[in-house]
Amino acid sequence: MGLIEMKQEIINELQNSITPLSTVDLTVKLNIINHHQQQELIADLEELKNSEIILENKEQQFYMLKNNNLFIGKIQITKKGFGFVKLLNSEEEYYVNIKNINNALNNDEVLCKLVKINNQNDEAVVLKIIKRDTNLLVGTVIVNADTKVKTLLIQNAKLQQYEVNILNPDKALENNIVVAKIKNFEQNIFNVTITKILGNINDPGVDILAVIYEIGIKAQFDVETLTATDKVPLTVLESDKIGRIDLTKELLVTIDGKDAKDFDDAICVTKLVNGNYRLIVAIVDVSHYVTENSPLDEEAFTRGTSVYLADRVIPMLPTQLSNGICSLNEQLERLCMVCDMEIDKNGLTVKHKIYQAFMKSARRMNYEEVNDGYNGKNPNFIKTHPQIWEMLLKAKELHQILWKFKQDAGVIDFEINEVKTIINDNGEVTDIILRTRDIAEKLIESFMIRANEVVAKTVFDMKLPFIYRVHEHPRSKKMHQMVTILKLMGIKLNPKITNISSKDLQLLLNSLKQLPTFQVLSTLLLRSMEKAQYTNKCIGHFGLASDYYTHFTSPIRRYPDLIVHRLLRQYIVKREINAKIIEKYQSFTNWAAEQSSNMELKALECERAVDQMKKAEYMMQFIGHKFEGIISSVTGFGLFVELDNTIEGLIRIAEMTDDYYIFNEKAMILFGERKRKQYALGQKVSVLVKSANKVARTIDFILEENGQQNKNRDKNNNNQSSKMYKANNFKYRKKIKLNGKVKKNKSEKKNGVKKWKYKGKKD
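Predicted model, so just to flag it, every value in this text is computed and none were measured.

Engineer: Help me get a handle on the overall build of the protein chain, residues and values and all.
Structural biologist: Helix and strand content of the protein chain: 18 helices and 37 strands. A total of 763 residues make up the protein chain; the buried ones form 53% of that total. Taking as baseline every contact in the protein chain between residues at least 6 positions apart, the subset at least 24 positions apart corresponds to 67%. Summed over all atoms, the accessible surface of the protein chain reaches about 36,400 Å², with 49% contributed by carbon and sulfur.

Engineer: Help me get a handle on the side chain of Asp285, residues and values and all.
Structural biologist: Here Asp285 shows up in the loop between strand E16 (277–284) and helix H6 (295–303). Residue Asp285 is classed as buried on the basis of its relative accessible area, which comes to 0%. Within the local environment of Asp285, its side chain forms a polar contact with the side chain of Arg244, the two groups lying 2.7 Å apart. Here Arg569 takes part through its side chain, which lies 2.3 Å from a polar atom of the side chain of Asp285. Apart from the residues lying within four places of it in its own chain, the contact partners of Asp285 are Arg244, Leu335, Cys336, Met337, Gln356, His565 and Arg569.

Engineer: I'd like to hear about the sheet that holds strand E32 (residues 684–693), residue by residue, with values.
Structural biologist: The strand order around the closed barrel built from five strands is E26-E27-E28-E33-E32, with neighbouring strands paired in mixed fashion. Each strand of the sheet is rotated relative to its neighbour by a mean of 50°, with strand direction disregarded. As paired strands, strand E26 (residues 626–635) and E32 are joined by five bridges and run antiparallel to one another. Bridge assignment links Ile630 to a residue of E32, and that residue is Lys684. Together, E26, strand E27 (638–643), E32 and strand E33 (698–703) form the strand contacts of helix H16 (residues 579–619), whose direction differs from that of E33 by roughly 50°.

Engineer: Break down the sheet that holds strand E30 (residues 669–672) for me, citing the residues and quoting the values.
Structural biologist: Sheets are built from strands paired through backbone hydrogen bonds, the pairs being either parallel or antiparallel. Judged by pairing direction, the sheet is antiparallel, and its three strands sit side by side in the order E29-E30-E31 without closing on themselves. At either margin of the open sheet sits one strand with a lone partner, and together these are strand E29 (661–664) and strand E31 (678–680). Along the sheet, successive strands turn relative to each other by an average axial angle of 20°, direction set aside. Where E30 lies against E31, three bridges are found, and the strand directions are antiparallel. Along E31, the bridge assignment pairs Ile669 with Ala680.

Engineer: Go over the pattern of salt bridges with me, naming the residues and quoting the values.
Structural biologist: Scanning the entire structure with this criterion turns up 44 salt bridges. Close ionic contact of Glu704 with Lys626 constitutes a salt bridge, the shortest N to O distance being 3.4 Å. Of this pair, Glu704 sits in helix H17 (residues 704–712) while Lys626 is found in strand E26, placing the two residues 78 residues apart along the sequence. Residue Glu704 is classed as partly exposed on the basis of its relative accessible area of 34%.

Engineer: Kindly report on the nonpolar core, identifying the contributing residues and their values.
Structural biologist: Counting residues in hydrophobic clusters, the biggest one holds 90 residues, and the most contacted among them are Leu392 and Phe447. For this core, the leading source of residues is helix H11 (residues 439–462), giving 11 residues. When near neighbours in sequence (up to four residues on either side) are disregarded, Phe447 contacts Ile267, Val269, Leu279, Val281, Ala395, Leu398, His399 and Leu402. Counting 49 residues, the second-largest nonpolar core is a separate cluster that includes Val429, Tyr618, Tyr661 and Val685.

Engineer: Hey, could you go over helix H5 (residues 223–230) for me, with residue numbers and the actual values?
Structural biologist: Helical geometry note: an α-helix holds 3.6 residues per turn, so side chains three or four residues apart project in the same direction. Looking only at H5, the buried set comprises Thr225, Ala228 and Thr229. Projected down its long axis, H5 carries its buried residues within an arc of 105°, all on one side. Seen from the open side of H5, the exposed residues pointing more than 90 degrees away from its buried face are Val223, Glu224 and Asp230. Packed against the buried residues of H5 are H6 and helix H7 (319–325).

Engineer: I'd like a description of the packing of aromatic side chains, backed by residues and values.
Structural biologist: Considering all chains together, one arrives at 19 aromatic pairs under this definition. Between the aromatic rings of Phe82 and Tyr95, the centroid separation amounts to 5.8 Å while the plane-to-plane angle is 50°, which identifies the pairing as tilted. On the criterion of sequence distance, the pair formed by Phe82 in the loop between strand E3 (70–77) and strand E4 (83–87) and Tyr95 in strand E5 (residues 93–96) is long-range, its members being 13 residues apart. An angle of 90° between the planes, with centres 5.7 Å apart, marks the rings of Phe622 and Phe627 as edge-to-face. Owing to a relative accessible area of 23%, Phe627 belongs among the partly exposed residues under this scheme. Connected via pairs of aromatic rings, a cluster forms that spans Phe301, Tyr559, Phe588 and Trp591. The ring of Phe405 carries the charged tip of Arg450 above its face, separated from the ring centre by 5.0 Å. The ring of Tyr534 has Arg469 sitting right over it, with the charged end atom 4.5 Å from the ring centre.

Engineer: Any details on the pairing of strand E10 (residues 163–166)? Residues and values, ideally.
Structural biologist: Looking along a regular strand, one sees the side chains alternate between the two faces of the sheet. Alternating residues of E10 divide into Val164 and Ile166, all buried, and Glu163 and Asn165, none buried. As paired strands, E10 and strand E12 (residues 189–200) are joined by four bridges and run parallel to one another. Opposite Asn165, over in E12, you have Asn191 as the bridge partner.

Engineer: So, unusual backbone geometry: which residues are in play, and what are the values?
Structural biologist: Of note, the phi angle at Lys463 is positive, near 55°, even though the residue is not glycine. Within the secondary structure layout, Lys463 lies in the loop between H11 and strand E24 (468–470). One non-glycine residue, Arg697, lies in positive phi territory at about 60°. Its relative accessible area of 16% is what places Arg697 among the buried residues.

Engineer: So what's going on with the packing of helix H15 (residues 559–573) against H16? Residues and values would help.
Structural biologist: Any two packed helices are characterised by how steeply their axes cross, that is the angle between the axes, and by the distance between the axes. Viewed as axis vectors pointing N to C, H15 and H16 meet at an angle of 165°, and their least axial separation amounts to 10 Å. In terms of orientation, H15 lies roughly antiparallel with respect to H16. When you trace H15 past H16, the crossing you get is left-handed. For the pair H15 and H16, contact is made by Tyr559, Pro560, Ile563, Leu567, Gln570 and Tyr571 and by Ile581, Tyr585, Phe588, Thr589, Ala592 and Ser596, respectively. Taken together, the residues of the contact of H15 with H16 sort by class into nine nonpolar, three polar and no charged.

Engineer: Tell me about the environment of Lys128, and name the residues and values.
Structural biologist: Looking at where Lys128 falls in the secondary structure, it is placed in strand E7 (residues 121–131). According to the relative accessible area criterion, Lys128 is partly exposed, its value standing at 27%. The sequence separation of Lys128 and Ala104 amounts to 24 residues, and the corresponding C-alpha distance is 8.3 Å.

What counts, and where the lines are drawn
Residues numbered from 1 in each chain as written. Predicted model: local features only at pLDDT ≥ 70, side-chain atom pairs only at ≥ 80, totals over all residues. Heavy atoms only, no water. Helix = DSSP H or I, 4+ residues; strand = E, 2+ residues; numbered from the N terminus. Buried < 20%, exposed > 50% of the residue type's maximum accessible area, 1.4 Å probe, protein only. Contact = heavy atoms within 4.5 Å. Areas by Shrake-Rupley, 256 points an atom, 1.4 Å probe, with all protein chains shown as cover. Polar contact = N/O pair within 3.5 Å; in protein donor to acceptor, adjacent residues only side chain to side chain. Pairing = 2+ DSSP bridges. Axes fitted to C-alpha atoms, helices over the stretch in contact; angles between N-to-C directions. Salt bridge = Lys/Arg side-chain N within 4 Å of Asp/Glu carboxyl O. Core = buried A, V, L, I, M, F, W, Y, C linked by side-chain atoms within 4.5 Å. Arc of directions from axis to C-beta. Phe/Tyr/Trp six-rings, centres within 6.5 Å; stacked < 30°, edge-to-face > 60°. Lys NZ or Arg CZ within 6 Å of the ring centre and 35° of its normal. Parallel < 35°, antiparallel > 145°, perpendicular 65-115°, else oblique. Left-handed = near helix turned anticlockwise from the far one by under 90°. Nonpolar A, V, L, I, M, F, W, Y, C, P; charged D, E, K, R; others polar.

Scope: geometric values only; no functional claims are made or implied.
This is the structure:
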């Protein structure tokens, strides 16, 4: 049961109860089974009571005024002020009119009720704000030229429609980017006090630092954490080795990117007399130094993950640990947790052991030199380290076996292009290049996947609490939509939609690889998938075609891996297992999995925002330049076009002035009413860069063929295209009533094309 989910359950029970309910009553009705859930219940009751959503009588019993169709959700508010409340654990959402927002801000947790509009559509009305998501603002200080009043240009695009009143203007220097604490928010005005000055807008790296604070990522470690770090030894102590297996004689090596600073995994492969392979995957034992309930543990739990940005890494643990004693640095003794496997020629793990050890990395390898070796370029290390080269040749043989095994199982490789942003010392983007993924990268990936699978199955078979990395089956509805789009694009296929397997999707992807539109189609398929997450329930990993999967291999940068190591020590090394331990970890794994999933999403949001900002900054130098691209998305407000380097820009329908364009949502096509010209997903187009806005993180293109027309069009044409734009905008969200009855926004159908009556769009 998640944090918001319990609040919804409390509301449901109180609404359905004839009499008030005590905490004990709710404990029984909600099937509370452990101490942590009990604490969560008490905290949620207090929060709901303070928000005046529920009431408490003299007997300390809880009740609420009867009101049908109440639900809790997260609200997303657009730049135009209206919003959508998303139901818990559902893709369905309700439209919220701007007059019914009730001072809610983007991502707030809100209590809503449903109202019927024109006896047809259900809309949500925000009744209460349960929890604010936004407590701070990040923005640039600007000064009104006439009044000299200082205010903030808010960085978050979804909050820019609001005004800001700075309560301590003496700290507000023009063009400084600052962090401000929100004192209150009323009548669309933020009253704030400036608490931190990040720097001038032109200072190198301040733009990315501003995004970090905007998203809510902790940029620095507190004093308590750093003090605890200072107490960690810099070298492995002799006492630390007691009870551990000595692997210092094994030819273990790390293989990472050239610019990597921390190394958490090492591998060694040998071929056995019986023809099988021995694969040792040694992972640095962070859990030995980051102990349960310590300041370091609490910090790692709060952060959840390291965050990798264009010009920096925000580590989960202080770099003194992550780059020092908790990194498998070359020729230095380090503690490790090991998954030691024997794998046959068919790719089956026939034996395995999980144990704690100490080791010494024989060499710090990088992907480039290993790939050079595999590709016959004869890098220098082959001469200087012949034994390592022989080991790597065996590793390649095993990788090919494991890769075939996973291919046969149905692993899905979307092969989505990834890019690396090159930034100079002044914080400026100098280039955006595609990342390559060759044999060495895939080899390490296949070894880590196998270790994660073996560890997950080992604990699953023990029937003990654990943290799993899961990826659910895609929903049939999304698959039907995907198949419809492919068919309308002229791609012949007959995939199984009901109970689709990963193998089915793998075969579908393989059949598309030769198409020039493969990257677009692969991305579309990826977006049809569910998001991977952490949970204490083992439901398998669809994308990896794994029945049992966890994260064991990166405890430096992921909190779940750290907990997995701690549990392995408890269950396998110490063998301390009893009812109290099981109850404790059943509760904790649920809690830690939810926190880690949430922080992973926040880290991804930060990484995505920085990427978008830096891509916009990069394209500012190419205003007016021509590029070839491919239509990656078609919407009612325009076309998104992706260039070869993955940079994506929007061609607004207002700029498509050669015709009146209509959006066919089912086919994902824009077609001209008069000239019948069509623009469809995957179509190649030539575009000109019209504008790029670093602050808004947007890039606008225009079609090359419209470029000359746009130069010559007069004011009347401009006004007319604006009308076309407004006419083509739409706002469509499927609504679902709480009793399960589905309703859609009212629409008109003409020639198979839906024309939505709503105006405006969700930004």
